[in-house]
Amino acid sequence: MPYFDHNATTPLAPVARATWLRAQDEAWQNPSSLYRASAQVKIRLEAAREKFAILLGDAAERYVFTSGATEGANLVLAHWARTLPADTWIGINPTEHPCVVAPALALFGSRIRWLTVDAAGVVNVEALRHGNQLGNQAGQIAAVVVMAANNVTGVLQPWGLIAELCQNAGVAYLCDASQWLGKLPAGGIGGGGFVIASAHKFGGPKGVGLLKLAPQSEGLRGQLGGGQERGLRGGTEDFPSIAAMGAALAEAEQKKVFMESERLRWRDDFERELTAAVPGVRVVAADADRLWNTVALIMPFAENTRWVPRLDKRGFQVATGAACSSGQAGSSAVVSALGFDVETARRAVRVSSGWDTTADDWRGLTAAFAAVAEEVRS
Ligand code: PLP
């Protein structure tokens, strides 16, 4: 069944499955226990940490394994809530994932400044650069959150420029790389401030992710209790899942090198053919740089909850564009954040392919959209 909801979650990659099973057999003990078998697991855990540091950049000791991006976002925001001067702001890209927006609202409330974005949702770096906005003085933005790639539209953010800008201004930066990793090159993305990511977005198991610490975050250690992960996290390290995450990412990095340009072409062909087959359909942020796998559509009529089940009946699994849940009804928060009214946001459908999606799958999806359009219209 052609699966077009990879931004919600991916199937487990065979290499990740094999790695996970082997590690469950050979290295299942708690890496933090004191017997010899544990010490062996600990060595392998530290080797996995090195692997991520090599793939993403920065020092291995700044990599912390978490249960996913949501945990990482909560850790960083809670750290900022404790440590940033009370009269400063945090600047957040309005199209962030709810795993960032919800804790930010809970912890910072009226101290949030929503960053200026263009019509595609790309953060305006010049607006950030000018006007002495960034800094640690009263009224300035002392921390910034901008994702690498958007989960609904696939729009890419200038995270390298933002990281540099924040570093020069001495302010903290959190980059949610959940949708970037495994699709675009990992190299360098760990070099900036805080980075969060999630294995199940790139062929790894669900329930494991990583948090790369910023250089200025040493104070985070020891504050949350627990001796694991160098004082950052009290939970048992899940070595089999961490190893599987590493195997999945390493494989995706290779696919990226050989397969990306063709995948970009298939995405563009789909958009062109769909707009011809279903008049009035719009691609959100059509002209922006986007992930090769993601297309956010505004359907010309009928709410997304009428399209998604009908496409499913024809064998195609797509999403409504509301958070990461294909079954979730209603308007897409990201599409709303781009200035679309609620009625329009309710017509958003997100399509997200994977490395194994074929050109035929894309063509089949176009035909299914055309057939459902007839059905829904009548
Ligand atoms: N950030 C983005 C951009 C996402 O698409 C998701 C998907 O759910 C998350 C964070 C949450 O990740 P996790 O499931 O690991 O908590």
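The rules behind the values
- Residue indices begin from 1 for each chain and proceed along its sequence in written order.
- pLDDT decides what is reported in this predicted model: residues at 70 or higher carry local features, side-chain atom pairs at 80 or more are listed and counted, and totals for whole chains, interfaces and linings draw on all residues regardless.
- As a rule here, side-chain values come from all non-hydrogen atoms in the structure, and water together with hydrogens is ignored.
- Paired strands, as defined in this entry, are two strands with at least two bridges between them according to DSSP.
- Secondary structure elements follow DSSP: runs of H or I of four or more residues count as helices, runs of E of two or more count as strands, with numbering from the N terminus.
- Comment: axis = line fitted to C-alpha atoms, over the contacting stretch for helices; angle = value between 0 and 180 degrees taken between N-to-C directions.
- Note on contacts: a residue pair is in contact if any heavy atoms of the two residues lie within 4.5 Å.
- Multiplying 1.5 Å by the residue count of a helix minus one yields the expected span of that helix.
- Summary of the burial criterion: residues with accessible area below 20% of their type's maximum are buried, those above 50% are exposed, and those between are partly exposed, where the area comes from a 1.4 Å probe applied to protein chains only.
- In this description, the arc belongs to the directions extending from the helix axis to the C-beta atoms.
- These domain limits were set by an automatic method or by a database of domain assignments.
- Accessible-area loss on putting two parts together, using a 1.4 Å probe and summing over both, is the definition of buried area adopted here.
- Just to be clear on terms, a salt bridge is a Lys or Arg side-chain nitrogen sitting within 4 Å of an Asp or Glu carboxyl oxygen.
- In this text, near means that some heavy atom of the residue lies within 4 Å of the molecule or strand in question.
- Each polar contact in these results corresponds to two N or O atoms within 3.5 Å; when the atoms are within protein, one needs to be able to donate a hydrogen and the other to accept it, and residues that are neighboring in sequence are counted only if both atoms are side-chain atoms.
- The protein chains shown are the only cover counted for residues, whose accessible areas, like all others here, come from Shrake-Rupley with a 1.4 Å probe.
- The nonpolar class holds Ala, Val, Leu, Ile, Met, Phe, Trp, Tyr, Cys and Pro. Asp, Glu, Lys and Arg form the charged class, and all remaining residues, Gly among them, are polar.

Draft legend 1. Molecular detail of the sheet that holds strand β3 (residues 112–114). Here we have seven strands laid out as an open sheet, ordered β1-β7-β6-β5-β4-β2-β3, and mixed in their pairing. At either end of the open sheet lies a strand with only one pairing partner, and these are β1 (63–66) and β3. Strand-to-strand twist across the sheet, computed as the mean angle between neighbouring axes with direction ignored, equals 20°. Sheet analysis places β1 next to strand β7 (residues 209–212), joined by four bridges and oriented antiparallel. Looking at β7, one finds that Val 64 is bridged to Leu 211. Strand contacts of helix α4 (residues 98–108): β2 (89–92), β3, β4 (141–145) and β5 (172–176), with the helix running at about 140° to β3, the strand carrying the most contacts. Contacting β4 and β5, helix α6 (residues 159–169) runs over the sheet at an angle of about 160° to β5.

Draft legend 2. Spatial organisation of helix α1 (residues 14–26). Between its terminal C-alpha atoms α1 stretches 18 Å, which fits the 18 Å expected from 13 residues at 1.5 Å a residue. All of the buried residues along α1 are Ala 16, Thr 19 and Ala 23. Looking straight down α1, one finds that the buried residues subtend no more than 65° of arc, so they occupy a single side. Seen from the buried face of α1, the exposed residues on the opposite side, beyond 90 degrees, are Pro 14, Arg 17 and Asp 25.

Draft legend 3. The arrangement of the domain arrangement of the protein chain in detail. Under the domain assignment used here, the protein chain contains domain 1 (14–255) and domain 2 (259–377). Centre-to-centre separation of domain 1 and domain 2, based on C-alpha positions: 28 Å. If you look at the interface, domain 1 gives 22 residues, while domain 2 gives 23 residues. Of the roughly 1900 Å² buried at the junction of domain 1 and domain 2 (both faces included), carbon and sulfur atoms supply 69%. In this assembly, domain 1 and domain 2 are joined by zero salt bridges.

Draft legend 4. Region of interest: the site of the ligand. Residues in contact with the ligand amount to 14 residues; listed here are only the nearest, Thr 70, Asp 176, Gln 179, Ser 198 and Lys 201. Ser 198 has a polar side-chain atom sitting 2.5 Å from an oxygen atom of the ligand. Within the side chain of Lys 201, a nitrogen or oxygen atom sits 2.8 Å from an oxygen atom of the ligand. Starting from 400 Å² of accessible surface for the ligand in isolation, the protein chains cover 88%. Broken down by class, the residue content of the shell around the ligand amounts to four nonpolar, eight polar and two charged.

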